[in-house]
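Structural features, examined
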Amino acid sequence: MEPLKKIGKSLLIGGIVGLAMTIVTSYFLSDLIDQLEYQTYYWRYKWEYKELGEQNKEKTADDEYGICIVDIDDRSMAEDKLGLYWNWDRSYHANLITTLNKKFPAAIVFDIFFGGAEDHNHAKRLQKLLVRAQEKNEDIEITQEVARSMYSVVDYDKQFIEATRDAGNVFHACVMTGKMDYKDYALSQIESKMTMERHNSLHPSSAITLPGKKREEVVSREVIEGIFPPLAQASKDIGHVNINPNVDGVKSITPLLFGFGDHDPVYLPISVRTIATLFGTPNDEIIFEPGKYLDIGKPFKITRKKEGGYHCSYPNVTIKQVKAIVDNADKILALEPENSLQITSLLKRGKTDQGDRFIEMNLLYYIPEELLQVLLNADLKEVLTLKPGEEKSLGSDVAVVRDSDVDWIITAPFGDMEWYTSTDEIKTLATVEPEDFDQIANGETALLYHTLNIFKNKEGKYSSSVPIFRGPMLKELCRTEWKTIEELAPGSRMDFGKNVRIPLTPDNKHIITFFGPKRKPFKYYSYYDILNDRVHGELEGKIFIVGSTAPAMFDLVHVPHDEQYPGMEIHASMMNSFLMNTFITRPEDWQNFLILLCVGIAIGIISFVLKPLPGAILTIVAVFAYFLTALTLFGTNHLWIDIARPVLTILLTFTAVMAYRYITEEKDRKFLQSTFKQYLSPELIDIMYKKKKMPELGGEEGVRTAYFTDIQSFSTFSEKLGSPTRLVELLNEYLSAMTDILLAHYGTLDKYEGDAIIAFYGAPMPMDDHAHQACYTALDMQDKLGELRNKWISEGDKWPKIVHEMQMRIGVNTGAITTGNMGSKVRMNYTMMGDAVNLAARLEAAAKQYGIYTMISHYTHDLIKDDFETRQLDKITVVGKSEPIVVYELMARKGELSPEMSKLHEFYTQGIDCYYRQEWDKAIDFLSQSEDLEPYKAVSSKGGSPSNMLIKRCKEFKANPPGTDWDGVYRLTSK
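In this report, the structure presented in the accompanying data block is examined. Just so we're clear, the structure is a prediction, and the values are computed from it rather than from any experiment. (Residues numbered from 1 in each chain as written. Predicted model: local features only at pLDDT ≥ 70, side-chain atom pairs only at ≥ 80, totals over all residues. Heavy atoms only, no water.)

**Overview of the pairing of strand β31 (residues 562-566)**
Where strand β30 (residues 556-559) and β31 come together, 3 bridges link them in antiparallel fashion. Bridge pairing links V557 to Y565 in β31. Linking β30 back to β31 in an antiparallel pair, the connection comprises 2 residues. (Pairing = 2+ DSSP bridges. Helix = DSSP H or I, 4+ residues; strand = E, 2+ residues; numbered from the N terminus.)

Rendered as structure tokens:
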């Protein structure tokens, strides 16, 4: 019942503290606690990137993330390259889009503001230059026709807009601001940007609309800045890049949705807008649940077009690419962890301006119409069965040779004559059909296959070189039969993967999930290199974000793990978390309360069970353990469990329990200590307290063990020492050492009588092994006295010889003993009474007659005989008693007799057996041998020994036989 009571108290106090912490921190100290919690948020990232850095470095591979950065870096802005960004015209961006789009990226996202058209400024600048040139050199004649011709080529905005529109995959940024962000004198300049006409002039379909109540939950901004209408209209979509810092200047938690003033449209962040578009999720399927999540749909969709054919939601992914995945589904699902599988090689198909078909691949590079026609008519799957060195004719003097396990050579009497390729490219070519060119216009190039590599990490998660094919979506696609896709009804759609639900805090903010462990976890390319087409490799299907890491561009921000972090990487991190469907999640309110409750209960139990100091130490350990657990969960699972509130709960619970114990329960301990500290060890008092075994003061009977000690010939010590002071000094040292041993074995000190120690075992705290503990005490006391003798000898002349030879007798008996506080009302003593006590005293005295120093009764012997070495001394009746008892010498713990004492024991046992059989001669013979080995005959007060005593009796009985009815009992005549 007592443990249940403790648990009940722990549950009660832990629950009360947990509830109190929830109320206090939610309603009174919420701002302070939130600030503390945000600080732990920063620690979490530092822990993840520093302590778990080695583990996370594996996650920085481009083939896992699929998001790339086009960096307007210092190198790009060097004088011998493009010069300072502020001097660039927008044709640079137009050329970048055109060049990069040849690589078939999924999206090009500009994290750059283009607030207005600039060509008129360039034209004005050119006009000034022409006027000044004429002023400097009047011989130069610049006609109006020439001037107009020069002005006409200043069409950089137009180039940028057309490149954006032609690419069809370019996303541009805007910024949502409020009137409070502008000075009063500037409000007139933004009035036009606060109207629905402004919204309609940009890219209206990029915004979403929400039902009335949900619209009210969205933060509003009155002004749309950062983009001019023609560019916005040419974009695939636009989105805002508002990421406001916390009060401490760190960008980590941000609103996602911004309403446009009092109007209906709601704008999405550029990251959400881009990924939702890549998912092919219509605006009306984007679901906003205030305080819970923003759902942007499943990652991949296949639509059967009404006019025929299929449309895949992710850009440049063809239905044949999907079929290649489904055809290899068994291999993908059987992929071993930390292995990869190539599904297809890059394959572009197109037509020249004259209508001739061609194919481009990485190794084959360019396959003209003549060779393509042969390859389309050939059975390339049969070609794959060739062994190294074998050749096969494909017709029209075209042949293919397998050069090695992976290398192939195609020869033809035209063009480049020889084309080197690989097994993977042959496998991809084998799936090309003439129909794949039907929808290609003259002069157009389109992607048929990506270079698609599937990876499986050591945790069993899938990713690929094309970022959309990953995780549950890829597995679901692999488990779909191709027949199911083929039978899709016209106008219908299949969605794959789990819905991406971007979690929101109760105030509709999103906790940004950063990726690391180091800065630049995403693949970086120099703007200059992309512009000049110097970058090659598997770029198709990737998402490219254009921004800058140059300090001069003022886009370095403070994030939890870095004070100089490129702002575009925040958008990259958000996009990546959407693609991976990986977010920082926080428990709901009821889960947080449950954590507080569990923490409070656990610490409550610890505080109740342990002493204050161990409890305090374990509480501190619990704080660190919880802290490390929270950091580790964040680093491995992106789970943000509160730290501030639970840590405060731990500390307050411990404090509350300690206060409760001090006020209530500690009085019980103090009572026990004040009552029994003179008699019991602190450990025994603690056991009594923990078990709530309160003694019945005033007398309680039970089976216990009485214990008496006495120093041999102590009456002569005072004379030999010559000074009472020296006698007290000696006794204090002796009694202190012996009492420590007594208390260490949970003995209860009754009293000191001069040099004698009187004690008992088994009260006031019941003990199952009281007889054992008494015997352990006796052996340890004899050993300790031996150590003291050596010490006193080493002190030279300080002590006389009698001290050097001090011996101690011990008597131990077990039986019915009454213990309790006995005496008068004025003065009481916790002591023992009973016949068993008197017998223990008689045994201590009787030991002198046998020449031994530790005597126990058969009552004690019966309880301890399996664990100790003993020898029977006699069957006796003590003075004043008629009932015989068997007495034994306690020699050692079981198995610890020395070889010499073992021989003594053997001879003695045989001798006493003969003695009781009245075989006197045999008994004398054996006892004579044991007598030679007796250890105390030289130091005992009477110079005798058990063996010598029995030899004398044998001789007496031999001369005067006791008769056949002899019971072997010897009656002592003195104490």
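**Some remarks on the pattern of salt bridges**
This structure, assessed with the given rule, holds 34 salt bridges. Residue E919 is joined to R917 by a salt bridge in which the shortest nitrogen-to-oxygen separation is 3.4 Å. You can call E919 partly exposed: its relative accessible area is 29%. Sharing partners across several salt bridges, the network here consists of R90, E118 and D157. (Salt bridge = Lys/Arg side-chain N within 4 Å of Asp/Glu carboxyl O. Buried < 20%, exposed > 50% of the residue type's maximum accessible area, 1.4 Å probe, protein only.)

**Some remarks on the pairing of strand β33 (residues 748-753)**
Here β33 pairs with strand β34 (residues 756-761) via 5 bridges, running antiparallel. Across the sheet, residue K751 finds its bridge partner in β34, namely I758. Where β33 hands over to β34, the hairpin turn is made up of 2 residues, of which G754 adopts a positive phi near 65 degrees.

**Describing the sheet that holds strand β16 (residues 357-361)**
The 4 strands lie next to each other as β17-β16-β15-β22, forming an open sheet whose pairing is antiparallel. The sheet is open, and its two borders are formed by β17 (365-367) and β22 (445-449), each paired with just one other strand. Between one strand axis and the next, the sheet turns by 25 degrees as a mean value, whatever way the strands run. In the sheet, strand β15 (residues 347-351) pairs with β22 via 4 bridges, with the strands oriented antiparallel. Residue pairing in the sheet places R349 in a bridge with A446 of β22. Lying on the sheet, helix α16 (residues 369-377) is in contact with β16 and β17; it crosses β16 at an angle near 85 degrees. (Axes fitted to C-alpha atoms, helices over the stretch in contact; angles between N-to-C directions. Contact = heavy atoms within 4.5 Å.)

**Section: unusual backbone geometry**
The linkage connecting A763 with the following residue, P764, adopts the cis geometry, with an omega of 0 degrees. Examined against the element boundaries, P764 turns out to sit in the loop between β34 and α29 (770-794). Positive phi, close to 55 degrees, is recorded for H638, a residue that is not glycine. Assignment of secondary structure puts H638 in the loop between α24 (612-637) and α25 (644-676).

**Topic: the packing of helix α23 (residues 589-609) against α24**
It is the contact of α23 with α24, at a shortest axis distance of 10 Å, that shows an interaxial angle of 155 degrees. By the angle class used here, α23 and α24 are roughly antiparallel. Viewed along their axes, α23 and α24 form a crossing whose handedness is right-handed. Side by side, α23 and α24 meet where I595, V599, I603 and I606 of the first sit next to G615, L618, T619, A622 and Y626 of the second. Here the contact of α23 with α24 is composed, by residue class, of 7 nonpolar, 2 polar and no charged. (Parallel < 35°, antiparallel > 145°, perpendicular 65-115°, else oblique. Left-handed = near helix turned anticlockwise from the far one by under 90°. Nonpolar A, V, L, I, M, F, W, Y, C, P; charged D, E, K, R; others polar.)

**Points about a nonpolar patch on the surface**
A grouping of L613, I617, L618 and V621 is seen on the molecular surface, where their side chains present a nonpolar patch of about 360 Å² in accessible area. Positionally, L613 belongs in helix α24. Its relative accessible area of 61% is what places L613 among the exposed residues. (Patch = residues over 30% accessible without salt bridge, like charges linked within 9 Å, V, L, I, M, F, W, Y side chains within 5 Å. Areas by Shrake-Rupley, 256 points an atom, 1.4 Å probe, with all protein chains shown as cover.)

**Things to note about the packing of aromatic side chains**
In the structure shown here, the tally under the stated rule is 28 aromatic pairs. Arranged with centres 5.7 Å apart and planes meeting at 85 degrees, the rings of F514 and Y565 form a pair that is edge-to-face. Of this pair, F514 sits in the loop between β27 (509-511) and β28 (523-526) while Y565 sits in strand β31; the two residues are 51 residues apart in sequence, bridging distant segments of the chain. Y565 sits in the buried class, given a relative accessible area of 0%. Ring geometry for Y916 against W966: centres 6.3 Å apart, planes inclined by 25 degrees, an arrangement best described as stacked. Of this pair, Y916 sits in helix α33 (residues 899-916) while W966 sits in the loop between α35 (946-959) and β40 (969-971), placing them 50 residues apart in sequence. (Phe/Tyr/Trp six-rings, centres within 6.5 Å; stacked < 30°, edge-to-face > 60°.)

**As for the side chain of T705**
Here T705 shows up in strand β32 (residues 700-711). Looking at T705, the relative accessible area reads 0%, which means it is buried. Of note is the side chain of T705, whose polar atom sits 2.9 Å from the side chain of T814. (Polar contact = N/O pair within 3.5 Å; in protein donor to acceptor, adjacent residues only side chain to side chain.)

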